[in-house]
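Per-entry structural report
Okay, here's what each chain looks like letter by letter:
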Amino acid sequence: MAEILKTDALIFGGGVAGLWLLNRLRNAGYSAWLLESGSLGQGQSVASQGIIHSGLKYINDGTLNRSATTVSDMPCIWRRCLQGQGDVDLQGTRILSDDYYMLPRNSLRARLLSFLGSKALASKTQRLAPNEFPAFFQGNVKGPMYRIDDFVIDVPSLLAMLCNRQQESVFCIDWNEARLERGDNGDISGLVFNDGTCIKAQQYISCCGGGTESLLRQSGLDVAPMQRRPLQQVMVRHRHTGPVYVHCVSSSIDLTPELTITTHSNKAGEPVWYLGGRLAEDGAGMNANNLIDRARRTLADLFPWCDFDGAEWGTLEIDRAEAKQPDGRRPEDASLVTHLNLAVCWPTKLTLAPALADKVLAHLQAQGIVPSPQTGAAPQFLYRPQVAATPWENL
Ligand SMILES: Cc1cc2nc3c(=O)[nH]c(=O)nc-3n(C[C@H](O)[C@H](O)[C@H](O)COP(=O)(O)OP(=O)(O)OC[C@H]3O[C@@H](n4cnc5c(N)ncnc54)[C@H](O)[C@@H]3O)c2cc1C
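Please read these numbers as outputs of a predicted model, since none were measured by experiment. (Residues numbered from 1 in each chain as written. Predicted model: local features only at pLDDT ≥ 70, side-chain atom pairs only at ≥ 80, totals over all residues. Heavy atoms only, no water.)

**What about the sheet that holds strand β6 (residues 95–97)?**
For the record, the criterion: Two strands qualify as a pair provided that DSSP identifies no fewer than 2 bridges between them. Each helix is a run of H or I in the DSSP string that is no shorter than four residues. Each strand is a run of E no shorter than two, and both are numbered from the N terminus.
With antiparallel pairing, the three strands of this open sheet are ordered in space as β3-β10-β6. Edge positions in the sheet fall to β3 (51–52) and β6, since each has one partner strand and no second. Two elements, β6 and strand β10 (residues 151–153), share two bridges in a ladder whose sense is antiparallel. Bridging from a neighbouring strand, Ile95 pairs with Ile153 of β10.

Right, dumping it as structure tokens:
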């Protein structure tokens, strides 16, 4: 007779959302397995800038909107986890920068917005004296400049840490070898492999990012519409790059930065600037060379003391995958959509992975799903996934 394996929760997708949730569930006493169809975090997570946001960039005209309020608790929650004192143990995760900065462009409106933003998050924002500016800016920028509560983590090391903590529960899945089957009432009755082996769970959870649509469709479960918001990030490696972590705020109507810069390392250990913000949003669908020209001009304008001759450039086209919104804009929070024994998750931001896990745990409790007294044998016949490569590794 075909083998039946049982677990409390079966998670699909091993980006930050799935791996964080796996840790939360197992720390809360649930048995849970995670199945990844490629490499861990291969969609958005390894391509993310790794900024744990404090909410400043979600402020409009100096007032906290709902996104800013939700996000503003997150740095504190992450810091506790990084110190081994939170719901998930992140000790050993690399922090790329403890500090993040905001540089208003030289316009009255940008300065006013930055000032109002700093007031709205007063306890989390500090205006710097010129001698406190990071080395790259000292003597080159007249100010003002702010230190904000954001910080930057190395996402591959985060994913590796989350996976290592639950190594015995993370597996690869090849969808040519397995399918989700439905029961008479439309719920999921099990994950059935071609050899007849079946995994049954109390709750099935999708954390598949951009792969959500096809997972749901192939199972006849079109129950959680999603949206994609495209970006084209720019990468640059050049001899002036000390590490820089800054939002450059322009005079547009909100604090969405004109340029958001984080610094990562390529395979040779050389620093690569990774450029997001308005540049990457406007760059979606643009010819890569034209976007690189625009990035070159923006950097020359912002940092006239730098010489970008001889720099190596690259771009990355990528979609943000989120729960569908009526107006197509960014959701204000992490999203959880439920249908019978299926939960579909999108964190919206890496930063909100803890908030998403809170929502899933609350849902399980509301459904009366409690940890089973006995945990069954794990699907040891499945392979173990690796963490995905970063886009800047080979620049
Ligand atoms: C360029 C960029 C920069 C960003 N920067 C930041 C930032 O600085 N700070 C921040 O807070 N947020 C940032 N974000 C947002 C953040 O990266 C995402 O919200 C977050 O990583 C989404 O995580 P996820 O686990 O839902 O999805 P993903 O990271 O996309 O992971 C989904 C996983 O599911 C797997 N999968 C797909 N289909 C299946 C299937 N059928 N079965 C099994 N597994 C499957 C994939 O292989 C992948 O491993 C950024 C996003 C982008 C695109």
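Structure shown, so let's carry the discussion forward.
**A short note on the pattern of salt bridges**
Threshold: Only one rule defines a salt bridge in this text: a Lys or Arg side-chain nitrogen within 4 Å of an Asp or Glu carboxyl oxygen. Exposure classes here rest on a 1.4 Å probe applied to the protein chains alone. A residue is buried below 20% of its type maximum, exposed above 50%, and partly exposed in between.
Applying the stated criterion across every chain yields a total of 16 salt bridges. The partner of Glu270 in a salt bridge is Arg237, and the shortest N-O contact between them spans 3.6 Å. Taken as a pair, Glu270 in the loop between β17 (259–265) and β18 (271–276) and Arg237 in strand β15 (residues 226–237) lie far apart in primary sequence, 33 residues in all. Taking relative accessible area as the criterion, Glu270 reaches 32% and is therefore assigned partly exposed. Overall, Arg237 belongs to the partly exposed group, its relative accessible area being 22%. A salt bridge links Asp293 to Arg296; the shortest N-O distance between them is 4.0 Å. Taken together, the positions of Asp293 and Arg296, both in helix α8 (residues 288–302) and three residues apart, correspond to about one turn of that helix. Through salt bridges that share partners, Arg24, Asp87 and Asp358 make up one connected network.

**Concerning the packing of helix α1 (residues 16–27) against helix α9 (residues 353–366)**
Our working rule: An axis is simply a line fitted to the C-alpha atoms; with a helix, the fit covers only the stretch in contact. Between two such axes, the angle follows the N-to-C directions and lies from 0 to 180 degrees. The labels follow the angle: roughly parallel below 35 degrees, roughly antiparallel above 145, roughly perpendicular from 65 to 115, and oblique for the rest. Left-handed describes a crossing whose near helix is turned anticlockwise from the far helix by less than a right angle; the clockwise case is right-handed. In this analysis, two residues are considered to be in contact whenever any of their non-hydrogen atoms come within 4.5 Å of each other.
Relative orientation of the contacting elements α1 and α9 amounts to 50°, with a least axis distance of 9 Å. One way to sum up the angle between α1 and α9 is to call them oblique. Considering the relative orientation of α1 and α9, their crossing is right-handed. Residues Val16, Ala17, Trp20, Leu21, Arg24 and Leu25 of α1 pack against Ala353, Pro354, Leu356, Ala357, Asp358, Val360, Leu361 and Leu364 of α9.

**Focus on the site of the ligand**
Defined as follows: For this description, a residue counts as near a given molecule or strand if any of its non-hydrogen atoms is within 4 Å of it. Here a polar contact means two N or O atoms within 3.5 Å. Within protein one must be a hydrogen donor candidate and the other an acceptor candidate, and residues neighboring in sequence count only if both atoms are side-chain atoms. For accessible areas, the Shrake-Rupley method is used with a probe of radius 1.4 Å. Any residue's cover is judged against the shown protein chains and nothing else. Amino acid classes used here: Ala, Val, Leu, Ile, Met, Phe, Trp, Tyr, Cys and Pro are nonpolar; Asp, Glu, Lys and Arg are charged; the rest, including Gly, are polar. An automatic or database domain assignment is the source of the domain bounds shown.
With respect to spatial proximity, 37 residues lie near the ligand, and among them Glu36, Gln44, Ser45, Ile51 and Thr351 are the closest. Within the backbone of Gln44, one N or O atom sits 2.9 Å away from an oxygen atom of the ligand. Here an oxygen atom of the ligand sits 3.3 Å away from a polar atom, N or O, in the main chain of Gly50. Its free accessible area being 1000 Å², the ligand has 95% of it covered by the protein chains. The class makeup of the residues in the shell around the ligand is 15 nonpolar, 19 polar and three charged. Both domain 1 (4–45 + 158–225 + 326–366) and domain 2 (52–153 + 228–322) contribute no fewer than three residues apiece to the shell around the ligand.

Treat this as a map of the structure, not an account of what it does.
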